[in-house]
Amino acid sequence: MAKVDRRILKTQESMRKAVIELMTEKNFDDITIQDIADRANINRGTIYLHYQDKFDLLDKLIESHIKELEEMGDWACKLNWSNALVPFFEYFEKNYLFFSTMLASRGAPSFRTRLLDYIMEGFKGEIDNESERNADLSEDVMLQYAGTAYVGVIEWWIRNGMPYPPQVMAKQVGALLERTL
């Protein structure tokens, strides 16, 4: 695989950062390509070298975060709940601006749906089918319940300025998910 020029990576990062910063200030529908270019300190045409339009830029940004979460999930699922969730909460903390903007934004409601879909897919293999405790419960209902609760806790944590450290959140959410699934 060919190595990507650092200047290209830096330009793409400045565009991604610009769109998120602008979304904290105004609705995504009101943001123009020129706004993004001005904030990123690049020419308008440069954006079109990398993305079809602002929707493509936002979509690629969302995809990159979901992909990183998926990569963490590949190895985290081998750990117990509390330990597995620590890197996720640390990732949410490290990328606070992105997650706080995307979960609060009315301009990007598809992000919450994509995050929920990713989480529910990851929970599929975690349901306890061995013991009798889930015998009378539908897998679909359990996944919806656990996934929605988890996303809701992430939203609450971020919206309230992350009142607990990632390790505390992971321990508490891990205990709740272990009881549920």
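Residues numbered from 1 in each chain as written. Predicted model: local features only at pLDDT ≥ 70, side-chain atom pairs only at ≥ 80, totals over all residues. Heavy atoms only, no water.

A. Just the packing of aromatic side chains, in detail. This model, assessed by the stated rule, comprises 12 aromatic pairs. Where Trp81 meets Phe123, the ring centres are 5.4 Å apart and the plane angle is 80 degrees; that geometry is what we call edge-to-face. Pair noted here: Trp81 is in helix H5 (residues 81-94) and Phe123 is in helix H7 (residues 109-123), with a separation of 42 residues, a long-range link. When its relative accessible area of 6% is taken as the criterion, Phe123 is described as buried. (Phe/Tyr/Trp six-rings, centres within 6.5 Å; stacked < 30°, edge-to-face > 60°. Helix = DSSP H or I, 4+ residues; strand = E, 2+ residues; numbered from the N terminus. Buried < 20%, exposed > 50% of the residue type's maximum accessible area, 1.4 Å probe, protein only.)

B. Summary view of H5. The end-to-end C-alpha distance of H5, which contains 14 residues, comes to 20 Å, matching closely the 20 Å that a straight helix rising 1.5 Å per residue would cover. Within H5, the full set of buried residues consists of Trp81, Ala84, Leu85, Val86, Pro87, Phe88, Phe89, Tyr91 and Phe92. The distance from a side-chain oxygen at the start of H5 to the backbone nitrogen of Ser82 is 3.2 Å, and the residue carrying that oxygen is Asn80. (Expected span 1.5 Å × (residues − 1). Polar contact = N/O pair within 3.5 Å; in protein donor to acceptor, adjacent residues only side chain to side chain.)

C. Structural view of the side chain of Thr101. Turning to its location among the elements, Thr101 is positioned in helix H6 (residues 96-104). Taking relative accessible area as the criterion, Thr101 reaches 6% and is therefore assigned buried. Not counting chain neighbours up to four residues away, the residues in contact with Thr101 comprise Ile20, Met23, Thr24 and Tyr96. (Contact = heavy atoms within 4.5 Å.)

D. Representation of the environment of Glu68 within the structure. With respect to the element layout, Glu68 can be found in helix H4 (residues 54-76). By relative accessible area, Glu68 is classed as partly exposed at 39%. For the pair Glu68 and Phe88, spaced 20 residues apart in sequence, the C-alpha separation works out to 9.8 Å.

E. Representation of the pattern of salt bridges within the structure. All told, the structure shown has 11 salt bridges when counted by the stated rule. The partner of Arg39 in a salt bridge is Glu25, and the shortest N-O contact between them spans 2.8 Å. In this pair, Arg39 is assigned in helix H2 (residues 33-40) and Glu25 in helix H1 (residues 6-25), connecting sequence segments 14 residues apart. The exposure class assigned to Arg39 is partly exposed, which follows from its relative accessible area of 33%. Residue Glu155 pairs with Arg112 through a salt bridge whose shortest N-O separation is 2.9 Å. (Salt bridge = Lys/Arg side-chain N within 4 Å of Asp/Glu carboxyl O.)

F. Structural view of the nonpolar core. If you look at the biggest cluster of nonpolar residues, it comprises 57 residues, and the most contacted ones within it are Phe89, Phe92 and Tyr150. Elements with a minimum of two residues in this core: H1, H2, H4, H5, H6, H7, helix H8 (139-159) and helix H9 (166-180). (Core = buried A, V, L, I, M, F, W, Y, C linked by side-chain atoms within 4.5 Å.)

G. Structural view of the confidence of the model for the protein. Chain-level statistics for the protein give a pLDDT mean of 90 and a share of 97% at 70 or above. H2 holds the highest mean pLDDT among the elements of the protein, 97, whereas H7 holds the lowest, 89. (pLDDT = per-residue confidence, 0-100.)

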